[in-house]
Protein chains: 2
Amino acid sequence: MARIALDAMGGDHAPQAPVAGAILALAELDPSHTLQLVGQASVITPLLDSLFTGELAQHSAVRSRITVIDAPDVIEMSDKPASAIRHKQNSSMVVGLKMQAAGESDAFVSAGNTGAQMVASTVMLKLHGDLKRAAIGTLFPTSREPVVVLDSGANVDCSAQELVDFARLGSVYAQDILGREHPAVALLSIGEEAEKGCKAVLEAHQLLKDSDLNFVGNVEGRDILAGGSERGEVDVVVCDGFVGNVLLKFYESMPTLMVGRLKKSGVESDKLANALEGFDYSDYGGAPLLGVRGVSIISHGSSSSRAIKNAVKLAVRAVESRMSEHIGRRFGGSKAAKVG
Amino acid sequence: MARIALDAMGGDHAPQAPVAGAILALAELDPSHTLQLVGQASVITPLLDSLFTGELAQHSAVRSRITVIDAPDVIEMSDKPASAIRHKQNSSMVVGLKMQAAGESDAFVSAGNTGAQMVASTVMLKLHGDLKRAAIGTLFPTSREPVVVLDSGANVDCSAQELVDFARLGSVYAQDILGREHPAVALLSIGEEAEKGCKAVLEAHQLLKDSDLNFVGNVEGRDILAGGSERGEVDVVVCDGFVGNVLLKFYESMPTLMVGRLKKSGVESDKLANALEGFDYSDYGGAPLLGVRGVSIISHGSSSSRAIKNAVKLAVRAVESRMSEHIGRRFGGSKAAKVG
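The following refers to the structure shown.

Calculation rules
Residues numbered from 1 in each chain as written. Chains lettered and ligands numbered in written order. Predicted model: local features only at pLDDT ≥ 70, side-chain atom pairs only at ≥ 80, totals over all residues. Heavy atoms only, no water. Axes fitted to C-alpha atoms, helices over the stretch in contact; angles between N-to-C directions. Helix = DSSP H or I, 4+ residues; strand = E, 2+ residues; numbered from the N terminus. Parallel < 35°, antiparallel > 145°, perpendicular 65-115°, else oblique. Left-handed = near helix turned anticlockwise from the far one by under 90°. Contact = heavy atoms within 4.5 Å. Nonpolar A, V, L, I, M, F, W, Y, C, P; charged D, E, K, R; others polar. Expected span 1.5 Å × (residues − 1). Buried < 20%, exposed > 50% of the residue type's maximum accessible area, 1.4 Å probe, protein only. Salt bridge = Lys/Arg side-chain N within 4 Å of Asp/Glu carboxyl O.

1. Details of the packing of helix H1 (residues 16-28) of chain A against helix H11 (residues 305-320) of chain A
Residues and elements named next belong to chain A.
- Across the interface, H1 lies against H11 with an axial gap of 7 Å and an inter-helix angle of 50 degrees. On the basis of the axis angle, H1 is oblique to H11. Crossing of H1 against H11: the hand is right-handed. Together, Ala17, Pro18, Ala20, Gly21, Ala22, Leu24, Ala25 and Glu28 of H1 and Ser305, Ile308, Lys309, Val312 and Lys313 of H11 make up the contact between the two elements.
- Looking at the contact of H1 with H11 residue by residue, the class counts come to 8 nonpolar, 2 polar and 3 charged.

The structure is reproduced here in C-alpha cells:
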C-alpha cells in the first residue's frame, strides 16, 4: 500500500486537473493505495463534492481513500524557488514533502513550479549518501520501448562524476520502473567514438567504462528515438541537464508542428492520434527527481487529469518497487563501492 | 558568376550522387556558373559520359560548364581528419580547397568526412580576422520560415565570447542567404530568463545584450520548431556545438520514427510526403562552415543527388551574396568594433 501526496494547487489546470486525476488514478489502482490531496481545503473539498456528484460520480467509491490536507499558501509558477519555499511554509509543496519526511506519506506528485519542487524535495527529503545532485529522469518514446534520459534539467555544468551518478540513478529507474533487468547505459555525445565529445563527456566515458554498470558506450542524438544504435539497444541515456532539457522541450514541441502539417495535407484525426500515441508526455505523467530520499514526481505544468493520473500511478510503482531504497544502496555504501 | 568546386568522391553515394547532383544544379542555375568536379578523373569522366548519354541526356548542354580536376587520393569516412589532410595531399578535399585559396575557385562543397573538411577548410582558407573558431550553421524547419542554428557540431566546450561570435556569424548567414533584413538572434537556454542556463550561456547573454546585434533574449528547446516564442520570432539560434549537434541529429531522426508510425496507422504516402516537406535535410543541401575566408559547404554523408544539387545552389548564393566578405568585415575590423 502506498500513500501518495498530490499537490492539488500545482499546474496550469489546478485544482481541477489534479483533483480529477487523483480520482481517476484511485479508480484504476489497487484499493490498498490512498491519496492525500494537499492544498487549500476550502477549494478542494467543494471541488471533490462536485466531481463525485457530477462527472466522476461513477467513481464515488474511492472517496474514502482520499484525505484532504489543508495548505493555505499557494506557490505561483512565477515565484522564485528558494524564496517561495522559505516564505510559503504552508504551501502544498512544503506541507506535502514534510509529511513524507515525517513518514506520514510515501510519495509526492506535483505539476507546480518545478524549480520550487526540486529545491523543496532536496531540502526536505535530502539526498542519498554521498550524492551531490538529484537528477530528473524523463522517458522518451522510441521505435521500441521508452528510454530514460537524464538529467532533463535539474543540473547544468555537470562534472564527469556527476554524469556517472546520473548513469547509476537512471539504471535503478530503468530496473525498478521499466523492468529492464540489466539496463544498458549509454552516454550522449557527438560521435560514437570514445574520443568524441566535450571535456566532461570524454572523462565520464572513461569512468563509465571502468564502472560496474552495463555501459554500452556513446550514442548520438539520432539514436535516442531509435532506442539505440546498430551496436545495440539502450535503456538509459546520460547527459548534462542543459542538453537534456533542451532536447526534452524540443521533442515535446514536435507533435504540434507535425500535427499541423499532417492535418493540412488531409490526414484524418483518428489516424494521427493513433500514430502519435506515446509521443504525448501525459502518457508518462511525470518524471521522478532521482536521488532524493523518497519519491518526488515532477509533472508538466500543463498536465491534464490524464497526465496526473499517470503520474500518481508512476509514484505508486516507485514506492512499491522500493526505488529510493535501491538508489540509497548504490550511493549510501562505502566509498570503495563508488566509481571515480 | 561562381566557380563551385564539388568533391566528387565524398559521401555514402559517391561518385554517383555528387556527379549527378552537379549536373542537376547546373541545369537549374544561370549559365554563367561553372562547376569543378574534383576527384579521381579515371572514375568521374566515364561516369559523366554515361550520365550524359543515359539518364541525364536532356541536360547534356551543361557539359561545357563542367571541368574535371584530377585528385587521385581518397579520404575515407573513417579516416582521422588531421592525418588524412596531412597524408592525402592529392585528395579531392585538399585539392578543391587549395584551388579556392589560390583564387581559382569560389566555393567548395563536400558530402565527405566532415571532420576532415573542417580541418582542411580552416587550414587552407584560414579564419577571418580575430575569429578563434569556425561554426557550422544549419537550417531547421519551423512552422514559419527556417531558422539558422549554430554551432551544429564544429566546436564543443565553447566560451561566452565564442557564442557571441557564433551569433555574429549566424546573423550574416541569415541576412545573406535567407534574406532577413535585421536578423533576430536568440540564445538557446533552459529558460527565457537571463539568469537561467549554464555558465557560458549566462555570460554570453550579458555580452549579447550589450552588443550591436538584434538580440531578442533566450529561447528554449520548444521555441526552435515554433520559429520563436510568444515574445517574438527568431532567425538565428545560438548554442554550443555539442548541444547543436545532438539537436540536429535528434531532429534528423524524427521523420523515420514518425513515418513508420503514420504508415502503420494507414496514412497515405502522398499526404505524408506533403506534410514532411522541409523536414528533409536534402531540401537545404548543406550547412556552411562559417568564419573561414571563403565558402565551404558541408553536406550530409548520405546526400542524394538532390541534396548535392541544393548544396551547390547554396554555394552559389553564398558566393553571389559575398557572405564571406561580409563576415570578414565583422571580424576583421578594429578590436573596438567587437563585443566582450
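2. Brief notes about helix H11 (residues 305-320) of chain B
Residues and elements named next belong to chain B.
- For H11, with 16 residues, the first-to-last C-alpha span of 23 Å sits near the 22 Å given by 1.5 Å per residue.
- For H11, the full list of buried residues reads Ala307, Ile308, Lys309, Asn310, Ala311, Val312, Leu314, Ala315, Val316, Ala318 and Val319.
- At the C-terminal side of H11, Arg322 shows a positive phi close to 60 degrees.

3. Thoughts on the pattern of salt bridges
- In the structure shown here, the tally under the stated rule is 36 salt bridges over all chains.
- Of the charged contacts in the structure, one is a salt bridge between A:Arg133 and A:Glu162, with a shortest N-O distance of 3.2 Å. On the criterion of sequence distance, the pair formed by A:Arg133 in the loop between helix H5 (114-125) and strand E5 (135-136) and A:Glu162 in helix H6 (residues 160-176) is long-range, its members being 29 residues apart.
- Residue A:Glu162 is classed as buried on the basis of its relative accessible area, which comes to 12%.
- In this structure, the salt-bridge partner of A:Glu268 is B:Lys271, at a minimum N-O distance of 3.9 Å. With A:Glu268 in the loop between helix H9 (241-264) and helix H10 (269-275) and B:Lys271 in helix H10 (residues 269-275), the pair connects residues from two separate chains.
- Take A:Glu268: its relative accessible area is 31%, and that puts it in the partly exposed class.
- Because the salt bridges share partners, they merge into one network encompassing A:Arg144, A:Arg180, A:Glu233 and A:Asp235.

4. A few points about the environment of B:Ser253
- Inspection of the secondary structure puts B:Ser253 in helix H9 (residues 241-264).
- Overall, the relative accessible area of 12% leaves B:Ser253 in the buried class.
- In this structure B:Ser253 touches A:Gly221, A:Arg222 and A:Leu225, once residues within four positions along its chain are discounted.

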